[in-house]
Amino acid sequence: MRFIGLKACDTCKKAQKALTAAGHEITVTDVRADGLAEAELRAWIAAKGIDVLINRRSTTWRGLDEAARSTAETTDGAVALLLEHPTLMKRPVIIAGGDIHVGWDKATQAALL
């Protein structure tokens, strides 16, 4: 299981702890330290959509000007924005058995725990 998030994110810490307690072996990628791959971002957007992957409630999003925010309306723009500001990604992204889960909501928890 691959876990993509932030080391300092409380939700990511909670999710990692729950997944480990449930017996999952996870490989962690920190988006700030390790970055994101363009091809993966494109695949995640194709599978889940821009609105699912970009956290429009984040501090990073609120700090962007309107011109930067408007680039998130297209796949190319969203990918460029996420590559420049990886903390805009809704976290965590969990890849398990070919499935992509975004966020740590009840549906993700039900599917993985």
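Everything below is about the structure printed above this text.
What counts and what doesn't
- Residues numbered from 1 in each chain as written.
- Predicted model: local features only at pLDDT ≥ 70, side-chain atom pairs only at ≥ 80, totals over all residues.
- Heavy atoms only, no water.
- Axes fitted to C-alpha atoms, helices over the stretch in contact; angles between N-to-C directions.
- Helix = DSSP H or I, 4+ residues; strand = E, 2+ residues; numbered from the N terminus.
- Parallel < 35°, antiparallel > 145°, perpendicular 65-115°, else oblique.
- Left-handed = near helix turned anticlockwise from the far one by under 90°.
- Contact = heavy atoms within 4.5 Å.
- Nonpolar A, V, L, I, M, F, W, Y, C, P; charged D, E, K, R; others polar.
- Buried < 20%, exposed > 50% of the residue type's maximum accessible area, 1.4 Å probe, protein only.
- Polar contact = N/O pair within 3.5 Å; in protein donor to acceptor, adjacent residues only side chain to side chain.
- Core = buried A, V, L, I, M, F, W, Y, C linked by side-chain atoms within 4.5 Å.
- Pairing = 2+ DSSP bridges.
- Right-handed = clockwise from strand over helix to strand, strands pointing away.

Caption draft 1: Looking closely at the packing of helix α3 (residues 38-48) against helix α7 (residues 75-84). Contact geometry for α3 and α7: axes closest at 10 Å, N-to-C directions at 130°. One way to sum up the angle between α3 and α7 is to call them oblique. Here the hand of the crossing between α3 and α7 comes out right-handed. Contacts between α3 and α7 involve Glu38, Leu41, Arg42 and Ile45 from the former and Thr75, Asp76, Ala78, Val79, Leu82 and Leu83 from the latter. Per-class residue counts for the contact of α3 with α7 are six nonpolar, one polar and three charged.

Caption draft 2: Molecular detail of the side chain of Ser58. Tracing the sequence through the fold places Ser58 in the loop between α4 (50-53) and α5 (59-62). For Ser58, a relative accessible area of 9% translates into the label buried. A polar atom in the side chain of Ser58 sits 3.0 Å from the backbone nitrogen of Trp61.

Caption draft 3: Structural detail: the nonpolar core. Ranked by internal contacts, the top residues of the largest apolar core, which has 32 residues, are Trp44, Leu53, Met89 and Val93. With four residues, the top contributor of residues to this core is α7. Ignoring sequence-local partners within four residues, the contact set of Met89 consists of Ile4, Val31, Leu36, Trp44, Leu53, Asn55 and Leu82.

Caption draft 4: Inspection of the environment of Val102 at higher detail. Structurally, the position occupied by Val102 is in strand β4 (residues 99-102). Look at Val102 and you get buried, because its relative accessible area is 11%. Val102 sits 38 residues away from Leu64 along the chain, and the two C-alpha atoms are 22 Å apart.

Caption draft 5: Fine view of the pairing of β4. Looking at chain direction, strand β3 (residues 93-96) and β4 are connected through four bridges and run antiparallel. Each residue of the ladder has a partner; that of Ile95, found in β4, is Ile100. The antiparallel pairing of β3 with β4 creates a hairpin that spans two residues between the two strands, and Gly97 there sits at a positive phi of about 60°.

Caption draft 6: Focus on the pairing of strand β2 (residues 27-30). Taken together, the four bridges between strand β1 (residues 2-5) and β2 define a ladder with parallel strand orientation. Counterpart to Arg2 in the pairing with β2 is Thr27. One crossover worth recording links β1 to the parallel β2 by way of helix α1 (residues 10-21), and it is right-handed.

Nothing here speaks to function; it is all geometry.
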